[in-house]
Protein chains: 2
Amino acid sequence: MNLKQLSEALSLSQTTVSRALNGYPEVSAETRKRVVEMARKIGYAPNSQARKLATGRAMAIGHVIPVSQHEMMNPVFMEFIAGAGEAYSRLGYDMVLKVVPDAQVEGAYRELASLKKADAVIVHGPRIHDTRHEILDTLGVPFLIHGRIPGQEEARSWIDMNNAHAFERATDLLLDLGHRRIALLNGLEDMDFAARRRRGFEKALTNRGLSTDPALMRQADMTEPYGAESALDMLDGANPPTAFLVSSMISALGVARVISQKGLQIGRDVSVITHDDALSFLPNGGDDPIFTCTRSSVRYAGQRAAELLIEQILPNPDVPVHEYLEAELIIGQSTGPCHATA
Amino acid sequence: MNLKQLSEALSLSQTTVSRALNGYPEVSAETRKRVVEMARKIGYAPNSQARKLATGRAMAIGHVIPVSQHEMMNPVFMEFIAGAGEAYSRLGYDMVLKVVPDAQVEGAYRELASLKKADAVIVHGPRIHDTRHEILDTLGVPFLIHGRIPGQEEARSWIDMNNAHAFERATDLLLDLGHRRIALLNGLEDMDFAARRRRGFEKALTNRGLSTDPALMRQADMTEPYGAESALDMLDGANPPTAFLVSSMISALGVARVISQKGLQIGRDVSVITHDDALSFLPNGGDDPIFTCTRSSVRYAGQRAAELLIEQILPNPDVPVHEYLEAELIIGQSTGPCHATA
DNA sequence: TTGAAAGCGATACCAC
DNA sequence: GTGGTATCGCTTTCAA
């Protein structure tokens, strides 16, 4: 069932039928009514390929999700996509998603752009030495970065949370509680967000004249065993930490598991603060969370990203838009004063 | 840069250029070489919308992911999609993904199908009273179910793991270890997979003449707190379980957290078996896993699903294909003999 | 082996 | 307010 058949059934031109269906003002109310009814009656649906070709717009946003060398699929991406997907449905856009190995990310963007499969793309997981903005410029695709590419803060559109500030505040809280040996279990620090978190952590220490201890700082894909193994190593080490600052709830669960297994009580014997992306399958409690945390909903970020891209960037690709999300610092049950003997 | 311009630059017809680029045999080797070189030189890329319109194929597979009323985004979907995405890249297909509230799932499938945005779709998370197969039939879209819709086992294409058998074996293992009070923390039992797991659990008990205890069976979205709260309630209850059978690693972590917090040792004082979907961010160890588990890689399922859909179902939509994945039962550190006083 | 021309199914400009 | 027609960019008969 196509436009032609529909217009024949109505004894109208394709033009008029198209206009009626797409809400153009110059169609008479009566004609529009007839058209709409007939369309529903005979089950007409416009072929989106044809429409895309005619309009030149794909009405789709591209996402390229990298799976790391370690085959790790970051659940944060999923939650971001859920938020974005909700907005796309509302705004009449589709999401075309490519899940590819790190090495094929550029090629995937190229394909999306040069084959006109998407009108714009989201850049996920920017790295400190990222070059995707250059490729996308060459291709002429509007894009929005979830996070920031160093050196491109002004010129590019992005949405990001204040990673450095959040981790500085979290570290300050631990310092205020008397902790001096604080471990940082970070994500991979070639990722921009992780580099920023580390700087926030270091800044808080430096501000109090404290130095960092490399033995207490780790970076890796944020799995549960990463948290567990790191905590085990460190707590069994020569000079164990009294507090952990962890970049992900998932790894924090690993830390908590080990602390419990060692017969220690979290929040009393060892403090833990984690960043909480508010992943829906890992709720951290409401008013009195399990973990003290810096919290910022990545799902909301995804939703806003989609809105900004479609409403601001597409109509005006040359004016970069920036949106800053400030993480909340929420006190839960996993932090308390330091009891360590000095 | 389009076909016309490219053909003019080569002084060839669009026909010949198109044929050369698409590997048709009748083009002379020399012509093809010229065409391919020029195409690369001037950076020609075919407009996929135009191609889709001309061929009538979208070269895309649709996925509709429901987010439940509780806003829960199941990480299993993500991992499945990662597997499928890998296969799509390899096979030259795109994935168009819709993330929508439960109530809009049907509409999303309708849109994908009737607007010709996808050549086929994957049905995620079948329920015991699912009707999506009927809608998709009406629309005439080939599809493959990840899981099974009751009553549609023969007639429809699906890929599934043997949920019932896996949970029966897991329960048998606990029974062999002497456990008699076994708790089942299941997913929502209007989901087909969860209903099957429950039947497997019950069958194992029934086979030994044991009856089920409603106080020890729960169902919910599989979050971490669900595991924790259920374990806390049950262990503090009148007649606590000595073992837990859990439908998800995430909830199992919650169970483990509570067991440790109560000063009990997992595997010695309380046994836990979980189903392990082999989520990449929740590795359960290698040869000696943290949790004894029934394991089946949902990522592999996604990959196979994509392959089956494209290679078997699209060319021959009327011959249903079925693929059964058997979960492994892997002994880890979380199970041991029952020490409960009878 | 190559080319001309007719679709594919919509949109949108220009007349009327 | 309605209609004719060119156009989007490619694939695919049909002829040569």
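Please read these numbers as outputs of a predicted model, since none were measured by experiment.

Asker: Would you explain the relation of the copies chain B and chain A in this entry?
Answerer: The operation relating the two chain copies consists of a rotation about an axis and a shift along that axis. If you rotate chain B by 180 degrees and push it 0.0 Å along the axis, it lands on chain A with an RMSD of 0.1 Å. Expressed as an axis order, the relation between the two copies is that of a two-fold axis. No C-alpha of chain B lies nearer the rotation axis than that of Val96(B), which sits 2.3 Å from it. When the interface residues of chain B are mapped onto chain A, 100% of them are again interface residues, pointing to one common binding face.

Asker: I tried to follow the UniProt feature "domain: HTH lacI-type" (unreviewed entry) in chain A on my own but got confused; where do I start?
Answerer: In the numbering used here, UniProt assigns the feature "domain: HTH lacI-type" (unreviewed entry) to residues 1-55 of chain A. This span, residues 1-55 of chain A, is 67% helix and 0% strand, and a straight line between its end C-alpha atoms measures 20 Å.

Asker: Got a minute to help me understand the protein's contact with DNA strand D in this structure?
Answerer: Among the 27 residues in the neighbourhood of DNA strand D, the closest are listed as Thr15(A), Thr31(A), Leu3(B), Ser18(B) and Tyr24(B). Counting only the atoms of DNA strand D within 4 Å of the protein, the fraction contributed by sugar and phosphate is 59%. A distance of 3.3 Å separates a base oxygen of DNA strand D from a polar side-chain atom of Thr15(B). Ser18(B) has a polar side-chain atom sitting 2.7 Å from a phosphate oxygen of DNA strand D. Those elements giving two or more residues to the surface near DNA strand D turn out to be helix H2 (14-21) and helix H4 (48-55) of chain A together with helix H2 (14-21) and helix H4 (48-55) of chain B. Of the residues contributing to the surface near DNA strand D, the split by class is 11 nonpolar, 12 polar and four charged.

Asker: Before we go on, may I ask you to explain empty space enclosed by the protein in this structure?
Answerer: Vacant regions in the atomic arrangement are exposed by a probe of water-molecule size rolled over the atoms. As enumerated under the stated definition, the model contains six cavities of 30 Å³ or more in all. The wall of the largest cavity is formed by 24 residues, among which Val76(B), His146(B), Phe193(B), Arg197(B) and Asp277(B) lie closest to the centre. Where the lining of the largest cavity is concerned, the elements lending two or more residues are helix H5 (75-91), strand S5 (158-161), helix H9 (192-207) and helix H12 (298-313) of chain B. When the residues that make up the lining of the largest cavity are grouped by side-chain class, the tally is 11 nonpolar, nine polar and four charged. Shared between two domains, the lining of the largest cavity holds at least three residues of each, these being domain 2 (60-161 + 298-325) and domain 3 (163-297) of chain B. Taken as a whole, the second largest cavity holds about 160 Å³ of empty space. Taken together, 14 residues line the second largest cavity, and the ones lying closest to its centre are Lys52(A), Val96(A), Lys52(B), Val96(B) and Lys117(B). Mapped onto the lining of the second largest cavity, the elements with two or more residues apiece are H4 and strand S2 (94-101) of chain A together with H4 and strand S2 (94-101) of chain B. When residues of the lining of the second largest cavity are assigned to their parent elements, the largest contribution, three residues, is made by S2(A).

Asker: Where do I start with the pairing of strand S3 (residues 120-123) of chain A in this structure?
Answerer: Both faces of the sheet carry side chains from a regular strand, because those side chains alternate between them. All names here are of chain A. Taking every second residue as pointing to the same face, both faces of S3 are buried, with Ala 120 and Ile 122 on one and Val 121 and Val 123 on the other. Relative to S3, strand S1 (residues 60-67) runs parallel, the two being bridged by three bridges. Bridge pairing in S3 places His 63 opposite Ile 122. Alignment of S3 against strand S4 (residues 143-146), held across three bridges, turns out to be parallel. Bridging from a neighbouring strand, Ile 122 pairs with Leu 144 of S4.

Asker: What exactly am I supposed to notice about unusual backbone geometry here?
Answerer: Note on backbone geometry: most residues besides glycine have negative phi, and most peptide bonds are trans. Residues other than glycine seldom take positive phi values, yet Lys116(A) does so here, at roughly 60 degrees. Its place among the elements puts Lys116(A) in the loop between helix H6 (105-114) and S3. Given the relative accessible area of 44%, Lys116(A) is considered partly exposed. With phi around 60 degrees, Ala278(B) is a residue other than glycine that occupies positive phi space. Along the chain, Ala278(B) turns up in the loop between strand S9 (271-276) and strand S10 (292-295). Take Ala278(B): its relative accessible area is 27%, and that puts it in the partly exposed class.

Asker: I keep staring at the protein's contact with DNA strand C and nothing clicks. Help me out?
Answerer: The environment of DNA strand C is made up of 28 residues, and the closest members are Leu3(A), Ser18(A), Tyr24(A), Thr15(B) and Thr31(B). Counting only the atoms of DNA strand C within 4 Å of the protein, the fraction contributed by sugar and phosphate is 58%. Within the side chain of Thr15(A), an N or O atom sits 3.1 Å from a base nitrogen of DNA strand C. Thr31(B) has a polar side-chain atom sitting 2.6 Å from a phosphate oxygen of DNA strand C.

Asker: I tried to follow the pattern of salt bridges on my own but got confused; where do I start?
Answerer: All names here are of chain B. Scanning the entire structure with this criterion turns up 58 salt bridges over all chains. Of the charged contacts in the structure, one is a salt bridge between Asp 190 and Arg 127, with a shortest N-O distance of 2.6 Å. Here Asp 190 is found in the loop between strand S6 (182-186) and H9, whereas its partner Arg 127 is found in the loop between strand S3 (120-123) and helix H7 (132-139), with 63 residues between them in sequence. Given the relative accessible area of 27%, Arg 127 is considered partly exposed. Here Lys 203 ties to Glu 168 by a salt bridge, and the two come within 3.5 Å at their closest N and O atoms.

Asker: Can you help me understand the pairing of S4(A) in this one?
Answerer: Residues and elements named next belong to chain A. Going residue by residue along S4, you find Phe 143 and Ile 145 tucked away on one face and Leu 144 and His 146 tucked away on the opposite face as well. This β-α-β element, S3 to helix H7 (residues 132-139) to S4, shows right-handed connectivity. When S4 meets strand S5 (residues 158-161), the two strands line up parallel, connected through two bridges. Counted as the bridge partner of His 146 is Ile 159 from S5.

Asker: Help me understand the packing of aromatic side chains, please; the structure alone is not making it clear to me.
Answerer: Each aromatic ring pair is summarised here by two numbers: the centre-to-centre distance and the angle between the ring planes. Residues and elements named next belong to chain B. Across all of its chains, the model carries three aromatic pairs over all chains by this definition. Here Trp 158 and Tyr 324 contribute two aromatic rings whose centre-to-centre distance is 5.6 Å and whose plane-to-plane angle is 85 degrees, an arrangement assigned as edge-to-face. One end of the pair, Trp 158, is in strand S5; the other, Tyr 324, is in strand S11 (residues 322-325), and 166 residues separate them in sequence. Taking relative accessible area as the criterion, Tyr 324 reaches 46% and is therefore assigned partly exposed. Stacked on the ring of Trp 158, the Lys or Arg Arg 148 has its end atom at 4.9 Å from the ring centre.

Asker: Please clarify how helix H3 (residues 29-41) of chain A should be interpreted in this entry.
Answerer: The periodicity of an α-helix, 3.6 residues per turn, causes residues three or four positions apart to be oriented the same way. Residues and elements named next belong to chain A. Along its 13 residues, H3 runs 18 Å from first to last C-alpha, staying within 8% of the 18 Å computed at 1.5 Å per residue. All of the buried residues in H3 are Thr 31, Val 35, Met 38 and Ala 39. Buried residues of H3 fall within an arc of 105 degrees about the axis and therefore sit on the same side. In H3, those exposed residues whose orientation departs by more than 90 degrees from the buried face are Ala 29, Glu 30, Lys 33, Arg 40 and Lys 41. Check the buried side of H3 and you find it contacts helix H1 (3-10) and H2. Phi for Gly 43, located one or two positions after H3, is positive at around 65 degrees.

Criteria and cut-off values
- Residues numbered from 1 in each chain as written.
- Chains lettered and ligands numbered in written order.
- Predicted model: local features only at pLDDT ≥ 70, side-chain atom pairs only at ≥ 80, totals over all residues.
- Heavy atoms only, no water.
- Least-squares fit on C-alpha atoms with pLDDT ≥ 70 in both.
- Contact = heavy atoms within 4.5 Å.
- UniProt positions renumbered as here; feature names shortened; annotations may be inferred.
- Helix = DSSP H or I, 4+ residues; strand = E, 2+ residues; numbered from the N terminus.
- Near = heavy atom within 4 Å.
- Polar contact = N/O pair within 3.5 Å; in protein donor to acceptor, adjacent residues only side chain to side chain.
- Nonpolar A, V, L, I, M, F, W, Y, C, P; charged D, E, K, R; others polar.
- 1 Å grid on protein atoms, 1.4 Å probe; cavity = no way out; pocket = protein on both sides within 12 Å on 5 of 7 lines; lining within 4 Å.
- Points joined across faces, edges and corners; volume = space filled by probe spheres on them.
- Domains from an automatic or database assignment.
- Buried < 20%, exposed > 50% of the residue type's maximum accessible area, 1.4 Å probe, protein only.
- Pairing = 2+ DSSP bridges.
- Salt bridge = Lys/Arg side-chain N within 4 Å of Asp/Glu carboxyl O.
- Right-handed = clockwise from strand over helix to strand, strands pointing away.
- Phe/Tyr/Trp six-rings, centres within 6.5 Å; stacked < 30°, edge-to-face > 60°.
- Lys NZ or Arg CZ within 6 Å of the ring centre and 35° of its normal.
- Expected span 1.5 Å × (residues − 1).
- Arc of directions from axis to C-beta.

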